[in-house]
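Geometric and topological summary
Single-letter residue listing:
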Amino acid sequence: MFRSKFSYSDSKSSYSDLLEDIETGKIESIFFYPRQREIDVLYKNGDKFKIPILYNDQLILEKATENKVDLTVNNSRKEASAANSFASISLFLIFILAIVLILRSTSKLASRAFGFTKNQAKFVTIDDVETRFDDVAGVPEAAEELKEVITFLKEPKKFENLGAKVPKGVLLIGPPGTGKTLLAKAIAGESGVPFLSISASEFVELFVGVGASRVRDLFSKAKEKSPCIIFIDEIDSIGRQRGSGIGGGNDEREQTLNQLLTELDGFADNSGIIVLAATNRPDILDAALLRPGRFDRKIEVMLPDLDGRKKILSVHSLSKPLSSEVDLGYWASRTVGFSGADLANLMNESAIHCARDESKLISDIHIENALDKITIGLRSSLITSPNMKKIIAYNEVGRAIVCAVRNGIESVDKITILPRSGSIGGYTKICPDEDVISSGLISKKLLFSKIEIALAGRAAETIVFGEGEITQCSINDISYATNIVREMVTKYGFSIIGPISMDSDNEMYLGDGLFKRKPLIAENTSSRIDNEIINISKISLNNSIKILKKNRVLLDKLVDILLNQETIDKKLFKLTTSELLKV
Ligand code: ADP
Ligand code: MG
């Protein structure tokens, strides 16, 4: 490229031709390029050739000077250096380009990172939400109270005229799956005011300080939209008691919570903003959050009762084709302790079972299978030997009989020895007591009966097969029983040791438990506790043995049926037991 001033002729000329041509005087001039093994040759007739020569060729030089050929040494350095500088300039440009690209992408990253601070609250308008209060069944009190919240927003004058302050914060409290989020959605759907929803966990991010600024953002957005509702789901993830943890993450949480408290205080009364929050851990919330003027209204969303369960079941079967034989009231009675989410899941599983059967209508069998799947687990194809089956059957029937004696025949829902994945053998499904679930009160009698039922499998094996032949079939029940006994002694004060709490494992939340001092227990007391635990366990096992000995005939009969049919349902159990059971 550097010799572009020549336009070369196509005909070739060789080295020997060249030497000859020099001697015969055909050459006008020769151009040398230092450090190159080529020369350009200009003939007198105007031809131009490029001819390869040896490096540092002396022969051509000599001959050329002899024959007075014009010699030119081209300084290609200039050209080379031009080329060099061109190369370095382009390298430099590439470098700059790369830097620009890197800077750009990092700035994008950075802006994304700092964009975290912009709150990502979903802004929902009424048209977006299809949920209505009709979709939330079985929690009439909570729904009523929430409807009142809508009135606060829509007709604040009504309350202001009476000098009443509209509550700023409403806290929905209740076990998981009872419909708290659903209620909030229903409010969004019904209220006709803007609805800002965010999950509290979204406040807490990688960067310290983000949470707090998000809270600020959320509230400033809300002020623009007022009247409106802010909904913070799972508020316990930021609202936990402060000052009890360790580590940076915790500081971040505290900052976020402080900001939330500030914002709650910051907006004026009757400003048209109501903060709705939901949690299933009200016990761990910071007291400051709960004081009047902040979340002063608490609405409890409880597990549904019999009637509530029936309503929820019917809400969730609206879009599903139920066979006419299905009585939702019956299924409500079989699902004590189920939450709304569990019931929704039950109806969904039933529909899936129905589809699997390729039938058009959901019938009792599908619901029964779905219930089994949810409570007992999937059926496994494990094959059990007849001998093992017998042991499992005695374990299960033993439990069912002690349960019938202690809690009534009605409390046994189902006995099965069909192998299920994840369990050794069978399963005895016991209906929890509706009262206990709704009141949450645990009596000493209840705990004793639980322990006896749990140990009844071991009791049955002892009676039937003898002390030396017992198996570890009831291993899970024994550990369950031991845990209850320990709680009785160390937590509830249900033993001769007295009403003393020596429970050290409550509130084992991040950091919390680390600083909590272990309760001081004298060695002497500690061994008394152990003795008491052993004592109660032994007494309970003996009680179960006594009950089963008394009911040996029934025990054998039920085991026979179970080995034949593999499952005894509530009806059959009642039928077989009601005459023979000796209490
Ligand atoms: P949480 O109380 O944990 O926030 P959700 O509101 O998220 O519970 O409920 C989960 C799902 O369970 C809902 O989407 C709904 O399908 C069902 N569900 C729960 N409670 C009810 C209820 N009271 N009525 C109807 N469906 C319910
Ligand atoms: Mg929820």
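Located above this text is the structure these notes cover.
The structure displayed is predicted, hence computed values, not measured ones.

Scoring rules and cut-offs
- Residues numbered from 1 in each chain as written.
- Chains lettered and ligands numbered in written order.
- Predicted model: local features only at pLDDT ≥ 70, side-chain atom pairs only at ≥ 80, totals over all residues.
- Heavy atoms only, no water.
- Near = heavy atom within 4 Å.
- Polar contact = N/O pair within 3.5 Å; in protein donor to acceptor, adjacent residues only side chain to side chain.
- Helix = DSSP H or I, 4+ residues; strand = E, 2+ residues; numbered from the N terminus.
- Nonpolar A, V, L, I, M, F, W, Y, C, P; charged D, E, K, R; others polar.
- Domains from an automatic or database assignment.
- Axes fitted to C-alpha atoms, helices over the stretch in contact; angles between N-to-C directions.
- Parallel < 35°, antiparallel > 145°, perpendicular 65-115°, else oblique.
- Left-handed = near helix turned anticlockwise from the far one by under 90°.
- Contact = heavy atoms within 4.5 Å.
- Phe/Tyr/Trp six-rings, centres within 6.5 Å; stacked < 30°, edge-to-face > 60°.
- Buried < 20%, exposed > 50% of the residue type's maximum accessible area, 1.4 Å probe, protein only.
- Expected span 1.5 Å × (residues − 1).
- Patch = residues over 30% accessible without salt bridge, like charges linked within 9 Å, V, L, I, M, F, W, Y side chains within 5 Å.
- Areas by Shrake-Rupley, 256 points an atom, 1.4 Å probe, with all protein chains shown as cover.
- Salt bridge = Lys/Arg side-chain N within 4 Å of Asp/Glu carboxyl O.

Overview of the site of ligand 1
Around ligand 1, the structure places 16 residues, and the nearest of them are Ala137, Gly177, Lys180, Thr181 and His316. At 2.7 Å from an oxygen atom of ligand 1 is found a side-chain nitrogen or oxygen belonging to lysine 180. Mapped onto the shell around ligand 1, the elements with two or more residues apiece are α6 (180-191), α11 (306-316) and α13 (340-357). When the residues that make up the shell around ligand 1 are grouped by side-chain class, the tally is eight nonpolar, six polar and two charged. Here the shell around ligand 1 gathers at least three residues from each of two domains, domain 2 (122-300) and domain 3 (309-376).

Quick word on the packing of helix α4 (residues 140-154) against α6
Where α4 contacts α6, the axes come no closer than 10 Å and their chain directions differ by 40°. The orientation of α4 with respect to α6, classified from their angle, is oblique. Pair α4 / α6 crosses with right-handed handedness. Contacts between α4 and α6 pair Ala142, Ala143, Leu146, Val149, Ile150 and Lys154 from the former with Leu183, Ile187, Glu190 and Ser191 from the latter. Each residue belonging to the contact of α4 with α6 can be placed in one class, and the counts come to seven nonpolar, one polar and two charged.

Some remarks on the packing of α11 against α13
Following both chains from N to C, one finds α11 and α13 inclined at 45°, their axes separated by 9 Å at the closest point. Relative to α13, the element α11 lies oblique. The handedness of the crossing between α11 and α13 comes out as right-handed. Between α11, through Arg309, Ile312, Leu313 and His316, and α13, the contact on the second element is made entirely by Gly340, Leu343, Ala344, Leu346 and Met347. Residue composition of the contact of α11 with α13, grouped by class: six nonpolar, two polar and one charged.

Focus on the packing of aromatic side chains
On inspection of all chains with the given rule, the structure shows six aromatic pairs. An angle of 70° between the planes, with centres 4.6 Å apart, marks the rings of phenylalanine 152 and phenylalanine 159 as edge-to-face. Phenylalanine 159 matches phenylalanine 152 in its accessibility class, with the two residues each being buried.

Focus on helix α20 (residues 523-550)
When the terminal C-alpha atoms of α20 are compared, their 41 Å separation across 28 residues agrees well with the 40 Å that a helix rising 1.5 Å per residue should span. Buried within α20 are the following residues: Ile529, Glu532, Ile533, Ile536, Ser537, Ser540, Asn543, Ser544, Ile545, Ile547 and Leu548. Looking at the buried positions of α20, the neighbouring elements they touch are α15 (386-407), α17 (444-465), α18 (475-492) and α21 (552-565).

Examining a nonpolar patch on the surface
Residues Phe92, Phe95, Ile96, Ile99, Val100 and Leu103 make up a contiguous nonpolar surface patch of about 570 Å² in total accessible area. Within the secondary structure, phenylalanine 95 is located in helix α3 (residues 76-115).

Regarding the pattern of salt bridges
The full count for this structure, using the stated rule, is 26 salt bridges. Taking the shortest distance from any N to any O, the salt bridge between aspartate 307 and lysine 311 comes out at 3.1 Å. With aspartate 307 and lysine 311 both in helix α11 and four residues apart, the pair spans about one turn of that helix. Residue lysine 311 is classed as partly exposed on the basis of its relative accessible area, which comes to 44%. Residue lysine 574 pairs with glutamate 410 through a salt bridge whose shortest N-O separation is 2.6 Å. Within this pair, whereas lysine 574 is found in helix α22 (residues 570-580), its partner glutamate 410 is found in the loop between α15 and β11 (412-416), the two being separated by 164 residues in sequence. Taking relative accessible area as the criterion, lysine 574 reaches 40% and is therefore assigned partly exposed. Because the salt bridges share partners, they merge into one network encompassing Arg334, Glu368, Asp372, Asp413, Lys414 and Lys429.

These results come straight from atomic positions and should not be treated as a statement about function.
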